[in-house]
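Close look at the chain arrangement
Residues per chain, in single letters:
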Amino acid sequence: MVTPTNLYSRDLESLLNALPEIKPNEVDLIASAYQRAESAHAGQRRKSGEPYFTHCVAVASILAEMKLDAETIAAGLLHDVVEDSDVSLDVLRGEFGSTIAKLVDGVTKLKYLPIKNVSSVADTRRSSAINREMEYIRKMLLTMGDDVRVVLVKLADRLHNMRTLGYMPRDKQRAVAQETMDIFAPLANRLGIWQMKWELEDLSFRYLNPEAYRSIAKALDERRDERESYVARIKERLTTELRKTHITKVTISARPKHIYSIYSKMSRKDLPLEQIYDIRGMRVLVESLAECYLALGIVHNLWRPIPGEFDDYIANPKDNFYRSLHTAVHDDEGKTVEVQIRTWEMHEDAEYGIAAHWRYKEGNNGHDQAFEQRLAYLRRLMEFGPEVNDASQFVDTVKSEVFQDRVYSVTPNGDIIDLPVGATPIDFAYHIHTDIGNRCRGAKVNGRLMPLNYKLKMGDQVEILTAKRGGPSMDWLNPDLDYAVTSRARTKIRHWLRKQNRDKHIVMGREVLERELKRLGVLEKVTFESVARLLNFEKLDDFLAAIGAGDVTGSQITNRVLEDERRKSAESISEEELLKPRSKPLGAKVSKGVSIMGAGGLLVNLARCCAPMPGDDIIGYITRGRGVTVHQTGCPNITAMRETERLIDVSWGPEEEEQRYLVPVEVVAYDREGLLREISTIIADQHVNIASVDVNTRNHIATLNLQLEIANNQQLTRILSKIDLIPSVVEARRRNTG
């Protein structure tokens, strides 16, 4: 606590009193920065009419509330001095040292940035805003590589600007609010500073959608008395139960109501305000990790938990290191209430994120593992940062790393769509509306036609092309093709397919089953009924209908068929054979990953005629002078064999990490320029080598015979599925050459 003296103004005393453990030399540093900033901004006014220096004090106060160090608070006071006064960076460095000067330089806003060629006044304004935003982020990230505190100062600066945004013109309000929602709120979230993240979102939402903001705020205000009375009852009941288990050091309070979070859940889940659990939220703070789980058990014993509404972020922290237990329950009155349970340490970490760990780092002589983990990804960004001179190129490169868990794309109208990394135009379409997703037939990304499994990037503008009627394709559910990755999109696709006519489902299912078995090269070896039984279906039509409805996928069929083939190979040794004397132990390991039943030490070759590979049902043929040749059991050369006494049982041994098998593949397609290049690109992307290729063209139909070095059947199926999607390809299958 600082003793009040006539040396300090009231604002400075208040700032220093927020730092109870401050040292005398740190008091002098902050006081000097206060006086320098006050002098530099003398006579300057904000839009509100207040002295400009009040903004600097407010920024420093936000940083002091986060209990940051004296250098950071001094930088908060000085953050606009270089830009808005005649004090140079060199002068600042001489007075306050290089560290504070670097923090100030990292936060300083840039003016007179170059504007790209644009076609209209509106586009000019938008381009200017985009360039300025990119320079902001570039400068922050480059400085963060050395000192993360620069972004904490910038976030505090942005937070106070948002608190006072009402004095700006309407178009400026929306521009700043959109930039805050797109960049600064996600950045606060990425650094784990929930307190700042929620306030930035709510303030941005207030200007971006004022009607929805006022509607929710009014509804919350009208129910305040009811909510406070409810919280008091819940708190008393829960406190009594916790004390029975000797959890006495506990704090229970109502969770703050974040309007944008409520709006997002209402939109995402298509629910009215009354059904959003956040409206009635409780936070339980306890002393230890064990007490967190004990308190959870008490809550679930006291009230009925709601299925699917429990998240354990302690055992599985979020990628911004957030830890807490979340659950939702039906209380005695039949109302829903969300309960968060965490320790005090977790709570401080959740509220202040990397800022809290900066304090731990300072107190522990720089050794804090959690702090280092939070900074690790920022340091990775800096490995290439200085070499990129163009701000736009730099930001395009790093945005996806800073916000690596989410990707923000925009509609042609400029609406921001928040999706997980790896999302596609199909995920984008279903996020907008179910009907748009169902009728999606193509997509333009940044004005260019792109495939529907294109991975969206940060900032992509996406236009969905729709048909008047029709629905999603079965292929959209194929995990090997990466069409739909969000659970929302996949659920909607399955729902549409399930609603279609059963007869149509059976026809579609039969086509999918036949295609998958043909790709595996087992179409002639297994029956549809046997495959149905493998997946626990008694009736074939029920099985085919399930495939057609999307409840059974092609990859599930492939996996079960391959498992059955391996099982048959393992069980192919009869009891009589097991009793025969053997020269070497059963299943002696030999080359090529094949075990010979009852013998060892023999040379093993894989037959070129049928090219067997792991997962195939195989048999060995004892040749004269060349050991054992391994064939598929259905190979025509084996079925036509007369010397059956030379056949020997073999099986696939343990898979070897680098083992590869030559597999012949046939692709039939309409001939066109670039066809072979597209096929080879798909194969290369799967890290598979093409041993040989032969192309025959007749009447504009190209037949490509390829020899691929394949590791397993799953890899082969993945490649054939992707080749099958290439325009002009008629068929892609494994070729039986016997």
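Placed above this text is the structure.
Here is a short report on the structure shown in this document.

About the cut-offs
- Residues numbered from 1 in each chain as written.
- Predicted model: local features only at pLDDT ≥ 70, side-chain atom pairs only at ≥ 80, totals over all residues.
- Heavy atoms only, no water.
- Buried < 20%, exposed > 50% of the residue type's maximum accessible area, 1.4 Å probe, protein only.
- Helix = DSSP H or I, 4+ residues; strand = E, 2+ residues; numbered from the N terminus.
- Arc of directions from axis to C-beta.
- Contact = heavy atoms within 4.5 Å.
- Pairing = 2+ DSSP bridges.
- Axes fitted to C-alpha atoms, helices over the stretch in contact; angles between N-to-C directions.

Regarding helix α29 (residues 675–685)
The set of residues buried in α29 consists of Leu 675, Ile 679, Ile 682 and Ile 683. Along the long axis of α29, the arc covered by the buried residues comes to 100 degrees, so they all point the same way. In α29, the exposed residues that point more than 90 degrees away from the buried face are Arg 677 and Asp 685. Against the buried residues of α29 lie β19 (661–670), β20 (689–698), β21 (701–710), α30 (713–724) and β22 (729–734). One or two positions beyond α29, positive phi appears at His 687, with a value near 60 degrees.

Comments concerning the sheet that holds strand β17 (residues 647–648)
Taken together, four strands build an open sheet; the order of strands is β14-β16-β15-β17 and the sheet is mixed. The sheet is open, and its two borders are formed by β14 (604–606) and β17, each paired with just one other strand.

Concerning the sheet that holds β22
An order of β20-β21-β19-β22 is seen for the four strands of this open sheet, with the pairing classed as antiparallel. Two strands bound the open sheet, and with one partner strand each, they are β20 and β22. Ignoring which end each strand starts from, the neighbouring axes of this sheet average 15 degrees apart. Relative to β21, β19 runs antiparallel, the two sharing 10 bridges. Within the sheet, the bridge partner assigned to Ala 669 lies in β21 and is Ala 702. Its contacts with the sheet put α29 on β19, β20, β21 and β22, and the angle it makes with β21 is roughly 20 degrees. Packing against the sheet, α30 makes contact with β19, β21 and β22, and its axis sits at approximately 170 degrees to β22.

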